[in-house]
Amino acid sequence: MKSAAFHNLGCKVNTYELEAVIDLLKNDGYSIVEFESKADVYIINTCSVTNIADHKSRQMINRARRRNPDAIVVAMGCFVQGLTDADKDKINADIYIGNNRKNNIVDDIESFIESKEKLSDCEDINNSKVGFEDMTLENVSSRTRAFIKIQDGCNQFCTYCIIPFARGRVRSRSVKSVVEEIRNLSKRGCKEFVLTGIHVSSYHVNEDDKDYYLIDLIEAINDIKGVERIRLSSLEPGIITEDFVKRLVKVDKICPHFHLSLQSGCDDVLSRMNRKYTTSEYYDKCVLLREYFHNPAITTDVIVGFPQETEEEFATTYDFLDKVHFAAMHIFKYSRRKGTKADKMSGQVDEALKSSRSSKLLELNNKMSIEYMESYIGEEVTALMEESILIDNEKYYRGYSKEYIMVCVKCDDDLSNKIIKGRGASIQNNLLLVEKI
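Report follows, based on the coordinates. (Residues numbered from 1 in each chain as written. Predicted model: local features only at pLDDT ≥ 70, side-chain atom pairs only at ≥ 80, totals over all residues. Heavy atoms only, no water.)

As for unusual backbone geometry
Part 1 of the reasoning: For glutamine 263, which is not a glycine, the phi torsion comes out positive at approximately 80°.
Part 2 of the reasoning: Within the element layout of this structure, glutamine 263 appears in the loop between strand E14 (257-259) and helix H10 (267-273).
Part 3 of the reasoning: Positive phi values are uncommon outside glycine, yet aspartate 392 reaches one of about 55°.
Part 4 of the reasoning: Looking at the element boundaries, aspartate 392 is found in the loop between strand E17 (380-391) and strand E18 (394-401). (Helix = DSSP H or I, 4+ residues; strand = E, 2+ residues; numbered from the N terminus.)

Have a look at this one:
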């Protein structure tokens, strides 16, 4: 039997696409083995969000070649999309598959086996006529939660980001395709679905002479039998309007966990980033969500040390983050990316200063995260349980609440993939311990 091994780098969209590729290989008779094992085919799903991601992509391609010099090495994804023909001659892969061509993987491998010549399957991803590559998951590695790709591409062109060039312009998947995939996965026992994409907020299709936007898709998914939860991945603040939120709060399966991209709490920095909102507008969106949803989890991303960021600008960001009081933040030190406008900006911030500012925000994040979890002590929570763990040599089940709080409940029964109701009792090791109701 033919064997294939995989390594994934990057975002949730990459995770989804790799799982769809694995289904294609399994259907063609491949057995899936660990990446550290000897395999006939190695597939590296690459990332290009930073220079470091490019380096890791090259590193994993080389590692696969060393693992089995006779294997077929396939590099696919964002890193590949940015390579020139000259670049490909210097890299140890046999097959290069760009974004929007991953469905071709089985045919590309067969073509390489026949010709024994390097193969490049890439297209001009930035051509406005490029459509959505409709991939489908037949199975997911976890029955509990599935990422569902509904959209690809980005039109925002933030000054620090290469992704619009690696993923192309915005394009969306049909409602029918999304609904069919989720319906099939729910029949296999999957209960939570995370809607993901490169720029989810821009979702828009015209289907059967009707325009569908993100809220329309969410409402359609809510009607699918077997679906217990709908979770949204990263959203842009602009989508949070009163009309959107009024409709969303009526979706009984929606998880009140909103990851609103921020990047900086200073208007001058946001302007240099080419982010299309002000901190005042962002704050109003948070107020609106808290007005309609009970104690929702609002989380975000923050970049520290963006070019020309002064101490005053950093202090403004710190104060704004404290004012919003997030449930959790992802803190990133700015990383220069060749090919972006920010890479050419003057006033690049010293690495030591980035680290110092990052540490301060991480400390603030830890404080706010604990305070958010504490707000659920004595409150009723529902959680979708995933796995058993031991705490002080006693058996607990761990899962996530609708707000994406990691929850543990003491229980000897098998609670995997079951939704439980409990009441927050205490916090231990960043876990909310609940007493089952």
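Once you've had a look at it, read on.
Here's the deal with helix H5 (residues 105-115)
Part 1 of the reasoning: Buried within H5 we find Ile105, Val106, Asp108, Ile109 and Phe112. Relative to the axis of H5, the buried residues are bounded by an arc of 165° and lie together on one face. Opposite the buried face of H5, by more than 90 degrees, sit the exposed residues Asp107 and Glu114.
Part 2 of the reasoning: Tucked into the core, H5 has its buried residues touching helix H1 (12-27), strand E3 (41-46), strand E4 (72-77), strand E5 (95-97) and strand E6 (119-121).
Part 3 of the reasoning: Of the residues flanking the end of H5, it is lysine 116, one or two places downstream, whose phi is positive at about 60°. (Buried < 20%, exposed > 50% of the residue type's maximum accessible area, 1.4 Å probe, protein only. Arc of directions from axis to C-beta. Contact = heavy atoms within 4.5 Å.)

Describing the sheet that holds E6
Neighbouring strands of a sheet are bound in pairs by backbone hydrogen bonds; such pairs are parallel or else antiparallel.
Part 1 of the reasoning: Spatially, the six strands line up as an open sheet ordered E2-E1-E3-E4-E5-E6, and their pairing is parallel. A single partner strand is all that each edge strand has here, and the edge strands are strand E2 (31-33) and E6. Direction aside, the axes of adjacent strands within the sheet are offset by 20° on average.
Part 2 of the reasoning: As paired elements, strand E1 (residues 3-8) and E3 share five bridges and run parallel to each other. Bridging across to E3, alanine 5 finds its partner in tyrosine 42. (Pairing = 2+ DSSP bridges. Axes fitted to C-alpha atoms, helices over the stretch in contact; angles between N-to-C directions.)

Here's the deal with the packing of helix H11 (residues 279-292) against helix H12 (residues 311-324)
Part 1 of the reasoning: Relative orientation of the contacting elements H11 and H12 amounts to 15°, with a least axis distance of 11 Å. By the angle class used here, H11 and H12 are roughly parallel. Between H11 and H12 lies a crossing whose hand is right-handed. Contacts from Thr279, Tyr282, Tyr283, Cys286 and Arg290 of H11 reach H12 at Phe320, Lys323 and Val324.
Part 2 of the reasoning: Split into classes, the residues belonging to the contact of H11 with H12 amount to five nonpolar, one polar and two charged. (Parallel < 35°, antiparallel > 145°, perpendicular 65-115°, else oblique. Left-handed = near helix turned anticlockwise from the far one by under 90°. Nonpolar A, V, L, I, M, F, W, Y, C, P; charged D, E, K, R; others polar.)

Here we look at the packing of aromatic side chains
Part 1 of the reasoning: If you walk through the whole model with that rule in mind, you get 10 aromatic pairs.
Part 2 of the reasoning: Pairing phenylalanine 306 with tyrosine 334 gives two aromatic rings, centres 5.3 Å apart and planes at 75°, and the pair type is edge-to-face. With phenylalanine 306 in the loop between strand E15 (297-304) and H12 and tyrosine 334 in the loop between strand E16 (328-333) and helix H13 (351-374), this residue pair connects regions lying 28 residues apart in the sequence. In this pair, the class of phenylalanine 306 matches that of tyrosine 334, namely buried.
Part 3 of the reasoning: Relative to tyrosine 376, the ring of tyrosine 372 lies with its centre 5.6 Å away and its plane at 70°, an arrangement referred to as edge-to-face.
Part 4 of the reasoning: Using a relative accessible area of 9% as the deciding quantity, one classes tyrosine 372 as buried.
Part 5 of the reasoning: Classification of tyrosine 376 by relative accessible area gives buried; the value is 2%.
Part 6 of the reasoning: Members of the aromatic cluster, joined through ring pairs, are Tyr277, Tyr282, Phe320 and Phe326. (Phe/Tyr/Trp six-rings, centres within 6.5 Å; stacked < 30°, edge-to-face > 60°.)

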